[in-house]
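Residue-level listing of the chains:
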Amino acid sequence: MQRLKEFGDESHDDDFSDRKERDKAFANVLRETVINNNSQIRKMILYPDRHLLSKLGTDLAEMLTDNGFIELRTPLIISYASLEKLAVTEDSPLFGQIFRIDEKRCLRPMIAPNFFSIIKKLRERADGPIRVFEIGPCFRKETQNGNHLEEFTMLTLAEIGMRVNPKERLKELISKIMGMTGLRYRMVTDRSDVFDETMDVVVNRNEVASATVGPHALDKDNEISEPWCGVGFGLERLLSEVLKKSNIRKVSGSLVYLNGAKIY
């Protein structure tokens, strides 16, 4: 079963009368699965294209800029001080997942700490709402399984100063993003180490995004004084749901998989 999952994504739960019948069926299914896998590789070589994760990011970025969002590029290396402003301190569970660089810096486990600094500066120069987003890598020491990555891609967006209910605006933004994927989803309330209560976007029991709204208790430390909303999507999780992949690693940065096909 593990071998079949490496090359394909379909579930196999047939019953067999004996081991010989099972092994014969396994060999036949594996042969077809490997043939299909190799066909995908040949097609990619003959018709080169961008990585599917990059294409998803581009489509989402174009949609957001068309809807008034500014695309950001912020540092991958951040200070512990910026995390402390979001209550990520040594006694926080998230702190144990951080990839440390030195005594003052680490690889960012999320994009949000950089956002507050930029939003505050942009807010000083505008009367209307400020809308920003970034798509880029984040890093966490995660459990090694088919649904977690230590290096993953996040789409994080935030809006401040809106003249509508922040929660309703957040639902609207989530609907726009999920509408592009064609996936059916539901929103559930959950607890967060950073923002206390969050609204998570769930597809087939798989959390693909986590969202929250302000005012929030952390706003004072980040010099924020207006209503805001924000959401972070894990793009590998989103893409694996779109493509119905059995393992998130098939759509991530990998030396084993390329666009879902195993390249050995």
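Please read these numbers as outputs of a predicted model, since none were measured by experiment.

Cut-offs and rules
In every chain, residue numbers begin from 1 and rise along the written sequence. Two thresholds apply to this predicted model, a pLDDT of at least 70 for residue-level local features and 80 or more for giving and counting side-chain atom pairs, whereas whole-chain, interface and lining totals are computed over all residues. Excluding hydrogens and water, the side-chain values take into account all heavy atoms of the structure. Interaxial angles span 0 to 180 degrees and are taken between N-to-C directions of axes, which are lines fitted to C-alpha atoms, for helices over the stretch in contact. Strands here are runs of E lasting at least two residues and helices are runs of H or I lasting at least four, both read from the DSSP assignment and numbered beginning at the N terminus. Here roughly perpendicular refers to angles of 65 to 115 degrees, roughly parallel to angles under 35, roughly antiparallel to angles over 145, and oblique to all remaining angles. Here a crossing is called left-handed whenever its near helix is offset anticlockwise from the far helix by less than a right angle, and right-handed whenever the offset is clockwise. We call two residues contacting when some pair of their heavy atoms lies within 4.5 Å. Only Asp, Glu, Lys and Arg are considered charged in this grouping, and only Ala, Val, Leu, Ile, Met, Phe, Trp, Tyr, Cys and Pro are considered nonpolar; every other residue, Gly among them, is considered polar. Think of a patch as exposed residues, more than 30% relative accessible area, with no salt bridge, where like charges cluster within 9 Å and nonpolar side chains (Val, Leu, Ile, Met, Phe, Trp, Tyr) cluster within 5 Å. Surface exposure here means Shrake-Rupley accessible area, sampled with a 1.4 Å probe, where a residue is shielded only by the protein chains that are shown. Only one rule defines a salt bridge in this text: a Lys or Arg side-chain nitrogen within 4 Å of an Asp or Glu carboxyl oxygen. Here the term buried applies to any residue with accessible area under 20% of the maximum for its type, exposed to any over 50%, and partly exposed to those in between, with areas from a 1.4 Å probe on protein chains only. A residue's pLDDT is the predictor's confidence in that residue, given on a scale from 0 to 100. By this definition, two strands are paired if DSSP reports at least two bridges between them. Working definition: rings of Phe, Tyr and Trp (its six-membered ring) pair if their centres are within 6.5 Å, and the pair is stacked with planes under 30 degrees apart, edge-to-face with planes over 60 apart, and tilted otherwise. Using a grid of 1 Å spacing that covers the protein atoms alone, one calls a set of points a cavity when a 1.4 Å probe fits there but cannot get out, and a pocket when the set is open and has protein on both sides within 12 Å along at least five of seven lines; lining residues are those with an atom within 4 Å of a point. Grid points are joined across faces, edges and corners, and a volume is the space filled by probe spheres set on the points. To count as a disulfide, a pair of cysteine sulfur atoms needs to be within 2.5 Å.

1. Quick look at the packing of helix H3 (residues 52–66) against helix H6 (residues 166–181)
Right, so step 1: It is the contact of H3 with H6, at a shortest axis distance of 11 Å, that shows an interaxial angle of 140°. It follows that H3 is oblique to H6 by the angle criterion. Our pair here, H3 against H6, has a crossing hand that is right-handed. Residue-level contacts link Asp-59, Leu-60 and Met-63 of H3 to Lys-176, Ile-177 and Met-180 of H6.
Right, so step 2: Here the residues of the contact of H3 with H6 sort into four nonpolar, no polar and two charged.

2. Regarding a nonpolar patch on the surface
Right, so step 1: Nonpolar side chains collect at one region of the surface, where Leu-76, Ile-77 and Ile-101 lie side by side and expose about 220 Å² of accessible area between them.
Right, so step 2: Within the secondary structure, Leu-76 sits in the loop between strand S1 (70–71) and strand S2 (77–79).
Right, so step 3: Its relative accessible area of 34% is what places Leu-76 among the partly exposed residues.

3. Observations concerning the packing of H3 against helix H7 (residues 235–242)
Right, so step 1: Across the interface, H3 lies against H7 with an axial gap of 10 Å and an inter-helix angle of 105°. Considered as vectors, H3 and H7 are oriented roughly perpendicular to each other. Counted together, Leu-52, Leu-53, Leu-56, Gly-57 and Leu-60 of H3 and Leu-235, Glu-236 and Leu-239 of H7 form the full contact between these two elements.

4. Describing the confidence of the model for the protein
If pLDDT is low for a region, its predicted coordinates should not be looked at in detail.
Right, so step 1: In the predicted model, the protein carries a mean pLDDT of 89, and 97% of its residues have values of at least 70.
Right, so step 2: The secondary structure element of the protein with the lowest average pLDDT is helix H1 (residues 2–7), at 81, and the one with the highest is H3, at 97.

5. Concerning H7
Right, so step 1: Here H7 lies mainly inside the structure; seven of its eight residues are buried.
Right, so step 2: Among all positions in H7, only Leu-235, Glu-236, Arg-237, Leu-238, Leu-239, Ser-240 and Glu-241 are buried.
Right, so step 3: Backbone geometry just downstream of H7 places Lys-244 in the positive-phi region, at approximately 55°.

6. Side note on the pairing of strand S4 (residues 130–139)
Right, so step 1: Along S4, eight of the ten residues are buried, which leaves the element largely enclosed by surrounding structure.
Right, so step 2: Summarising the sheet, S1 and S4 pair through two bridges and their orientation is parallel. The residue bridging Glu-71 from the neighbouring strand is Phe-133, located in S4.
Right, so step 3: Sheet analysis places S4 next to strand S5 (residues 151–160), joined by ten bridges and oriented antiparallel. Paired with Arg-131 across the two strands is Glu-159, which belongs to S5.

7. Examining the packing of aromatic side chains
Right, so step 1: The tally for this structure, following the rule as stated, stands at two aromatic pairs.
Right, so step 2: With centroids separated by 5.7 Å and ring planes inclined at 40°, the aromatic side chains of Tyr-80 and Phe-95 adopt a geometry described as tilted. Placement of the pair is Tyr-80 in helix H4 (residues 80–84) and Phe-95 in the loop between H4 and strand S3 (105–107), with a sequence separation of 15 residues. Assigned by exposure class, Tyr-80 and Phe-95 land together as buried.

8. Let's talk about the layout of surface pockets
Right, so step 1: Looking at the largest pocket, its volume works out to about 1,000 Å³.
Right, so step 2: Forming the walls of the largest pocket are 46 residues, and the residues nearest its centre are Arg-140, Met-154, Glu-207, Ser-210 and Gly-232.
Right, so step 3: Counting only elements with at least two residues in the lining of the largest pocket, the list comes to helix H5 (112–123), S5, strand S6 (186–192), strand S7 (196–203), strand S8 (206–214), strand S9 (228–234) and H7.
Right, so step 4: Looking at which element gives the most residues to the lining of the largest pocket, the answer is S5, with eight residues.
Right, so step 5: Its residues assigned to classes, the lining of the largest pocket shows 24 nonpolar, twelve polar and ten charged.

9. As for the state of the cysteines
Right, so step 1: Enumeration over the complete set of coordinates arrives at zero disulfides.
Right, so step 2: Residue Cys-229 stays outside any disulfide, its sulfur separated by 19 Å from that of Cys-138, the closest cysteine.

10. A closer look at the environment of Cys-106
Right, so step 1: Tracing the backbone shows Cys-106 in strand S3.
Right, so step 2: Spatially, the C-alpha atom of Cys-106 lies 13 Å from that of Thr-89, the residues being 17 residues apart in sequence.
Right, so step 3: Apart from the residues within four sequence positions on either side, Cys-106 is in contact with Leu-76, Ile-77, Ile-78, Tyr-80, Leu-83, Ile-98, Phe-99, Arg-100 and Ile-101.

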